[in-house]
Every structure is written in structure tokens, then in C-alpha cells.
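# Chain and residue survey
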Amino acid sequence: MDSSPLPPDTVSVLFVCLGNICRSPLAEGVFRHRVESAGLGDRIRIDSAGTGGWHVGDPPDPRSRDVAAAHGVSLDGQSARRVAPDDFRTWDWIVAMDRSNLEDLTRLQERHGGDATLVLLRDFDPDPGDGEVPDPYYGGPGGFDRVFEMVDRSCAALLERIAEGA
Ligand code: 4NP
């Protein structure tokens, strides 16, 4: 991760799920693709992390890579890491995939401090369903297609919201 100081007009967004191999790497890749397409690559810093540490150092799950590639999005170069105490100080937005992730993040922020704004990704989804991006890890590949659609809609709306102030 690039941890160099941010220019004052830069916004930083960290996507978080449980394992950092399925949902949040997909959100990172989709959001980065949209940010770069909008010409905002030098204005918005992006990463992802997991609340759990089982997959630290692993690349994204092949099912996430496949559904991303089918939509022209690359997850190359990503490797799983765990949320760290400093994240709550060094990121503007920390974007959770489900309520369990959000609860874990809230507890960590209470313990470690920091001004990051914690939100659910589907808070931005124009078709938010139950408000969560479900964990597709133990399901079939159809789950990853549904997750892609939710993540893509939500990332488009999140970028619009951030671009208003970026
Ligand atoms: P993710 O999915 O949180 O979307 O990355 C999971 C990946 C691995 C595990 C759980 C969820 N796991 O228990 O190993």
C-alpha cells in the first residue's frame, strides 16, 4: 500500500470485508476502474482489507477475478491484508460490505481512535436490498455475479458522491 502523505484535495477510500479475498478486492478493483475512467486516479487513493487474517498475502479468489475480468476489471497485483489500527487515521472513508464487518470496524475504531468515516457500501446503492453485500465465499459462482452487480452499482454512486467534493 502507498502510505505517502495525501495532498489536501485527495480523498482516500478503504473497502473492507471479512477475508479480503472475495468482496472487498472486487470493490477495490471496480472502484479503481471507475475512478481511472473518470480521470480521477491521482485524486482518490484506494485499497482494501479484511477484518480477519486467514488469507493475509493471498491474491483475490479466482471467482472474484473471473467475474471482474468478464466486466473488463483487473484485480491483478492485489494481496490480502488485515485491517490495522492506523487505518482509522489514514483513510477518509472505510466502506464495509456487511453489518458484521461494520460492527467489527466500529469496535476497532472505539479502541484505537481515528477520524475515518465508517459506512456500508450499499448505503450508496440505488437498489439497496437488505443493505448488505452477502458473503459469496461458500456459495456457487452465481453468487459472485450478484455480488458484482451490487458492488458495481454502489461504487458508481459512491464515486458520484465523492466526485462532488473531490
Ligand atoms: P470475503 O469472503 O470476506 O468476501 O473475502 C470470505 C473469504 C474467506 C472467508 C470468509 C469470507 N474465510 O472464512 O476464510
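Note: the structure precedes this text.
Residues numbered from 1 in each chain as written. Predicted model: local features only at pLDDT ≥ 70, side-chain atom pairs only at ≥ 80, totals over all residues. Heavy atoms only, no water.

## Overview of the site of the ligand
The local shell around the ligand consists of C17, L18, G19, N20, I21, C22, R23, H55, D135, Y137 and Y138. In the environment of the ligand, an oxygen atom lies 3.2 Å from a nitrogen or oxygen atom belonging to the backbone of N20. For the ligand, an oxygen atom lies 2.9 Å from a polar atom in the backbone of C22. Protein coverage of the free-state accessible area of the ligand, which is 350 Å², stands at 92%. For the shell around the ligand, the per-class residue count stands at six nonpolar, three polar and two charged. (Near = heavy atom within 4 Å. Polar contact = N/O pair within 3.5 Å; in protein donor to acceptor, adjacent residues only side chain to side chain. Areas by Shrake-Rupley, 256 points an atom, 1.4 Å probe, with all protein chains shown as cover. Nonpolar A, V, L, I, M, F, W, Y, C, P; charged D, E, K, R; others polar.)

## Some thoughts on the sheet that holds strand 4 (residues 117-120)
Reading across the sheet, the four strands line up as 2-1-3-4 and stay open at both edges, with parallel pairing between neighbours. Since the sheet does not close on itself, it has two edges, and those belong to strand 2 (44-50) and strand 4, each with one partner. Pairwise comparison of adjacent strand axes, ignoring direction, gives a mean angle of 25° for this sheet. The pairing of strand 1 (residues 11-17) with strand 3 (residues 93-96) spans four bridges and is parallel. Counted as the bridge partner of F15 is V95 from strand 3. In the packing of helix 1 (residues 23-37) onto the sheet, contacts are made with strand 1 and strand 2, and the angle to strand 2 comes to roughly 170°. Most of the contacts of helix 4 (residues 99-112) go to strand 4, to which it runs at about 170°, and overall it touches strand 1, strand 3 and strand 4. (Pairing = 2+ DSSP bridges. Helix = DSSP H or I, 4+ residues; strand = E, 2+ residues; numbered from the N terminus. Axes fitted to C-alpha atoms, helices over the stretch in contact; angles between N-to-C directions. Contact = heavy atoms within 4.5 Å.)

## Quick look at the pairing of strand 2
Burial within strand 2 is extensive, with seven of its seven residues counted as buried. Residues of strand 2 alternate between two faces, with I44, I46, S48 and G50 on one and R45, D47 and A49 on the opposite face, all of them buried. Here seven bridges tie strand 1 to strand 2, and the two strands are oriented parallel to one another. Directly across from C17, in strand 2, lies its bridge partner G50. (Buried < 20%, exposed > 50% of the residue type's maximum accessible area, 1.4 Å probe, protein only.)

## What about the packing of aromatic side chains?
Under the defined criterion, the tally for this structure stands at three aromatic pairs. Taken together, a centroid distance of 5.3 Å and an interplanar angle of 70° make the contact between F15 and F31 edge-to-face. Taken as a pair, F15 in strand 1 and F31 in helix 1 lie far apart in primary sequence, 16 residues in all. The exposure classification of F15 matches that of F31, with both residues buried. Above the plane of the ring of W91 lies R45, whose end atom (NZ or CZ) is 4.6 Å from the centre. (Phe/Tyr/Trp six-rings, centres within 6.5 Å; stacked < 30°, edge-to-face > 60°. Lys NZ or Arg CZ within 6 Å of the ring centre and 35° of its normal.)

## Comments concerning the nonpolar core
The biggest cluster of nonpolar side chains holds 35 residues, and the ones touching the most others in it are V13, F15, F31, I44, L121 and L158. Looking at this core, the elements that each hand over two or more residues are strand 1, helix 1, strand 2, helix 2 (62-70), strand 3 and helix 5 (141-163). The element best represented in this core is helix 5, accounting for nine residues. The residues touching I44, leaving out its near neighbours within four places in the chain, are T10, V11, V13, F31, V35, L159 and I162. (Core = buried A, V, L, I, M, F, W, Y, C linked by side-chain atoms within 4.5 Å.)

## Some points on the side chain of D87
Structurally, the position occupied by D87 is in helix 3 (residues 87-90). Among the polar contacts listed, one links the side chain of D87 to the side chain of R81, at a separation of 3.0 Å.

## Quick notes on helix 4
Over its 14 residues, helix 4 extends 20 Å from the first C-alpha to the last, a length consistent with the 20 Å expected when each residue adds 1.5 Å. Taken together, the buried positions of helix 4 are N101, L105, L108 and Q109. Seen along its axis, helix 4 keeps its buried residues to an arc of 100°; they face one direction. Along helix 4, the residues that are exposed and aim more than 90 degrees away from the buried face are E110 and R111. On its buried face, helix 4 sits against strand 1, helix 1, helix 3, strand 3 and strand 4. Residue G113 follows helix 4 closely and has a positive phi angle near 80°. (Expected span 1.5 Å × (residues − 1). Arc of directions from axis to C-beta.)

Function-wise, these values are silent; they only describe arrangement.
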